[in-house]
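For reference, the chains in residue letters:
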Amino acid sequence: MDGSGRSNGVQKLVRPQKRNRLSVSCSHCRIRKLKCSRTQPCDSCLRTGDSDTCLYASRSTRQKNDDSLDHNTKQELTARIAKLEGLLLSVMSSDKNTNSISANTVQNYHSGNVMSYAPNTFPSSETRHYQHEMERIQDVDDVARAFGSMRVDPRENQTIYFGGAHWISILSEVDELKNYLIDNDELEDVALKNSATLRDVQTPSSLLRGIAPPATQEDILSYLPARAIVDVFVNRFFEVYGTTFVFIHEPTFREEYIEHWNNQTKTKIIWLGLLFAILHAAEVSYEEAGQVSFWDQHDLLRPFADFKSLTVQCLIASDYTNPVAYTVETLMLYIQFDGITTPDRSIETSLMLGIATRLAMRMGIHRNSKAHPGLTPFQDEMRRRLWGTILISDTLHSFQLSLPATISQIDCNCAMPRNIHNDEFGPDSTKLPPPRPLSEYTEVTYTILKTRLILVLREIMNLINYNDSPSAGDISRCELSLSEAQATIPPFLQVSRVEESASVSPIIQSQRISFDRVYQLGRCMLYRKFLRRARTDPSVLQYRLSCVNAALKVLQHQETLFVHFKPMFSPSVRRRHKFTHPTLDFFTAGMILALDLYYGIEAKSRAPSKDSEASRDFPNRMEMIAALQSSNQIWALSKDDSVEAAKAYGIFSFILQKVASCQSANEDVVGESVIGPDALATAIELRNYSFGTQENILEFDWVI
């Protein structure tokens, strides 16, 4: 039975029309269910800042079924909806495309404004679609907010970052809700206080905090040496590492240092942790430079508790998993020198670096500070410096362990540090001075230039790790990026010959070597897959030549460092990290030469003709053998105490023996006898790079 049949037997009910009653409250009070004062504007709208849109409905407007908002308000609401749509779009896109990046970010990378690198140089259709969507939402006001929000707590000197998918970030898009969160934080403060009290009372066991109760501030202060001793160590730290660990602002730290000695009871435990980390670094620097320790120089008894252990105690006592100012800085200092004092590559150091990276992200250090106005200019600059150091460490540790990097660049848009002197800004600065040209050396110049090289190295690592057969276009783009990054290095920071570097300070000389090591390592990694293919494919012969030449230059640096510092190294130092953990670029370069020599032997056995393209060798083949043999003698010094050194020594010895055996069977393979016992001295004569004299050497950083 249809509807018409039912209507014949049943009387149709007609709902009475609702009376068009005139509302006496304004539109905002009616929506919020608040009592309206019925004034124009009302008291509630005055308090919330909605005076311009405080409107009352009229009978005529109700009959016309029209709303009470004017045209400008409609446009404002429409824009807000569009902004929220852009937020959701960016969140969904970032989840689906973690290996891609916006076109604007790529442009900022090439201009040196953002610590981010180009995406895979072989973009897929998904990557292009994501880039198109990202370009489309650039029109949304302040797109950085679409990737998260940040809470700045000046009382605790703490920042907490929330990603774009977090509910607080979404609420922050609505001014009324955001203001409510800001103005009504009493409940949260009480909860945080009770949580901290409960944690202190229960002292639960934790994998990251241990099982013992944390040390008290009084206990930690009892291990601090006399001020005269601490003064020496602090001065030495900034003298030796002032341009390496630029995330510690020396003028500010010295002011806090004076305040500490004036009233030690007011010093925060995490600041004490930073101080002990500085003392540990300064203590290690004596041994790094081959000098007698401070304690032996002054005939003093070493402290019962070492500075490294005290740093750990301060980190645990300060609850480092809830980071505040100086938490990440202390962790990074601890991690850097933990890696230096470890004989071989350690997954533990990498795990600690991952924790530090996560804590830095929790504080929003990986994001552009301009999107968060609660930060001061001083905080902005120091966060950029800190993130640059973290990015460098993450890249090199990932390379050493052959693991993917912890940092995904699509999540980061932190700007580059400014090339300014430490005395040009401070905590009270209302704005930062304009950056100086890179040709003018400052405390942060080294970090800026090295970060640019590291960003390209990450791009090369992604290319060779995720593409077995990179195209010529991929190689060319990486070559161009690497050349552009190297071209930004001013002439006074580029490697020079012996006679040109004799009058240069040791710090500048070490930074020259460091830059060129990263540059040559990038070339080695970019071309290494063409070593065997070049034996049969003349079209890629140039790649093989570039790879071998880059490897030779890396080993030149190894010989230079060893020969000019050899008299300063005690046997215990030689057996340690200096030839293993932070020097895997030397291992990589030696392996490239060893493989090329091995492939040459294979090619000779298959095509013994002298005119064969496959058996053609480089004119500097004897230099390759000399470089490998001299490098092998260096590795031999620590082969009994380091697994990495033992592997390098074993492999290189095998290749050299095979070359010698092939020479005995067929003189044409090498053309001359293998270099004899004096290979180290002979190879050094072939090298054109040097540190000059060693009398004025205070310290050298072996890390890349």
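Quick note: structure is the one above.
On a predicted model such as this, the values are computed, not experimentally measured, just so you know. (Residues numbered from 1 in each chain as written. Predicted model: local features only at pLDDT ≥ 70, side-chain atom pairs only at ≥ 80, totals over all residues. Heavy atoms only, no water.)

## Things to note about the overall build of the protein
Consideration 1: Per the secondary structure count, the protein includes 29 helices and two strands.
Consideration 2: Here the protein, with 704 residues, has 49% of them falling under the buried criterion.
Consideration 3: The contacts in the protein between residues at least 6 apart in sequence include a share of 73% that link residues at least 24 apart.
Consideration 4: Carbon together with sulfur atoms contributes 53% to the accessible area of the protein, which is approximately 34600 Å² in total. (Helix = DSSP H or I, 4+ residues; strand = E, 2+ residues; numbered from the N terminus. Buried < 20%, exposed > 50% of the residue type's maximum accessible area, 1.4 Å probe, protein only. Contact = heavy atoms within 4.5 Å. Areas by Shrake-Rupley, 256 points an atom, 1.4 Å probe, with all protein chains shown as cover.)

## Observations regarding helix H20 (residues 445–466)
Given 3.6 residues per helical turn, the α-helix brings residues three or four places apart onto the same face.
Consideration 1: In a regular helix each residue adds 1.5 Å, so 22 residues correspond to 32 Å; H20 covers 32 Å between its end C-alpha atoms and thus fits that length.
Consideration 2: In terms of burial, H20 is a largely internal element, 19 of the 22 residues being buried. (Expected span 1.5 Å × (residues − 1).)

## Topic: unusual backbone geometry
Consideration 1: Across the junction of glutamine 40 and proline 41, the peptide omega takes the value -5 degrees, indicating a cis bond.
Consideration 2: Topologically, proline 41 is positioned in the loop between helix H2 (27–32) and helix H3 (43–48).
Consideration 3: Even without being a glycine, arginine 38 presents a positive backbone phi close to 65 degrees.
Consideration 4: Assignment of secondary structure puts arginine 38 in the loop between H2 and H3.
Consideration 5: On the basis of relative accessibility, which here comes to 57%, the residue arginine 38 falls in the exposed class.
Consideration 6: Even without being glycine, aspartate 299 reaches a positive phi, approximately 55 degrees.

## Comments concerning the pattern of salt bridges
Consideration 1: Tallied over the full model, the rule gives 15 salt bridges.
Consideration 2: Between lysine 308 and aspartate 338 there is a salt bridge, and its shortest N-O distance comes to 2.9 Å. Placement of the pair is lysine 308 in helix H16 (residues 307–317) and aspartate 338 in helix H17 (residues 327–340), with a sequence separation of 30 residues.
Consideration 3: We classify aspartate 338 as buried; its relative accessible area is 10%.
Consideration 4: Residues aspartate 596 and arginine 544 are paired through a salt bridge, measuring 2.9 Å at the closest nitrogen-oxygen approach. Taken together, the positions of aspartate 596 in helix H26 (residues 584–606) and arginine 544 in helix H24 (residues 541–565) put the pair 52 residues apart, joining distant regions of the chain. Here aspartate 596 matches arginine 544 in class, with each residue buried.
Consideration 5: Where salt bridges share partners, they join Glu381, Arg384 and Arg385 into one cluster. (Salt bridge = Lys/Arg side-chain N within 4 Å of Asp/Glu carboxyl O.)

## Observations regarding the side chain of serine 631
Consideration 1: Its location among the elements puts serine 631 in helix H27 (residues 621–636).
Consideration 2: Not counting the four nearest positions on each side in its chain, serine 631 is found in contact with Leu555 and Gln558.

## Quick word on a nonpolar patch on the surface
Consideration 1: Nonpolar side chains collect at one region of the surface, where Ile347, Leu351 and Leu403 lie side by side and expose about 290 Å² of accessible area between them.
Consideration 2: Its location among the elements puts leucine 403 in the loop between helix H19 (377–401) and H20.
Consideration 3: On the basis of relative accessibility, which here comes to 42%, the residue leucine 403 falls in the partly exposed class. (Patch = residues over 30% accessible without salt bridge, like charges linked within 9 Å, V, L, I, M, F, W, Y side chains within 5 Å.)

## Describing the state of the cysteines
Consideration 1: For the structure on display, the rule yields zero disulfides.
Consideration 2: No disulfide involves cysteine 414; its nearest neighbouring cysteine sulfur is the one of cysteine 412, lying 8.2 Å away.
Consideration 3: Of all cysteine sulfurs, the one in cysteine 524 lies closest to cysteine 547, which takes part in no disulfide; the gap is 5.1 Å. (Disulfide = S-S within 2.5 Å.)

## Regarding the nonpolar core
Consideration 1: Membership of the largest hydrophobic core comes to 70 residues, with the highest contact counts inside it found for Leu457, Met525 and Leu593.
Consideration 2: For this core, the leading source of residues is H20, giving 11 residues.
Consideration 3: For methionine 525, the residues in contact, after removing those within four places along its chain, are Phe399, Leu457, Ile460, Met461 and Ile464.
Consideration 4: Listed in part, the 65 residues of the second largest apolar core include Ile269, Leu272, Leu275 and Ile365. (Core = buried A, V, L, I, M, F, W, Y, C linked by side-chain atoms within 4.5 Å.)

## What to know about helix H13 (residues 250–262)
Consideration 1: Its 13 residues place the ends of H13 18 Å apart at the C-alpha level, agreeing with the 18 Å of an ideal helix rising 1.5 Å per residue.
Consideration 2: Listed in full, the buried residues belonging to H13 are Thr252, Phe253, Tyr257, His260 and Trp261.
Consideration 3: Buried-residue contacts for H13 involve helix H11 (217–222), helix H12 (227–241), helix H14 (269–288) and H19.

## A look at the packing of aromatic side chains
The geometry of an aromatic ring pair comes down to the distance between the two centres and the angle between the two planes.
Consideration 1: Tallying each qualifying case throughout the model produces 27 aromatic pairs.
Consideration 2: Consider the rings of phenylalanine 233 and tryptophan 295, whose centres lie 5.6 Å apart with planes at 35 degrees: the pair is tilted. Of the two residues, phenylalanine 233 is situated in helix H12 and tryptophan 295 in helix H15 (residues 294–297); the sequence distance between them amounts to 62 residues. Across this residue pair, the class does not change: phenylalanine 233 and tryptophan 295 are buried. (Phe/Tyr/Trp six-rings, centres within 6.5 Å; stacked < 30°, edge-to-face > 60°.)

## Some details on the environment of arginine 533
Consideration 1: Here arginine 533 lies in the loop between helix H23 (506–527) and H24.
Consideration 2: Taking C-alpha positions, arginine 533 is 9.9 Å from tyrosine 543, a pair spaced 10 residues apart along the chain.

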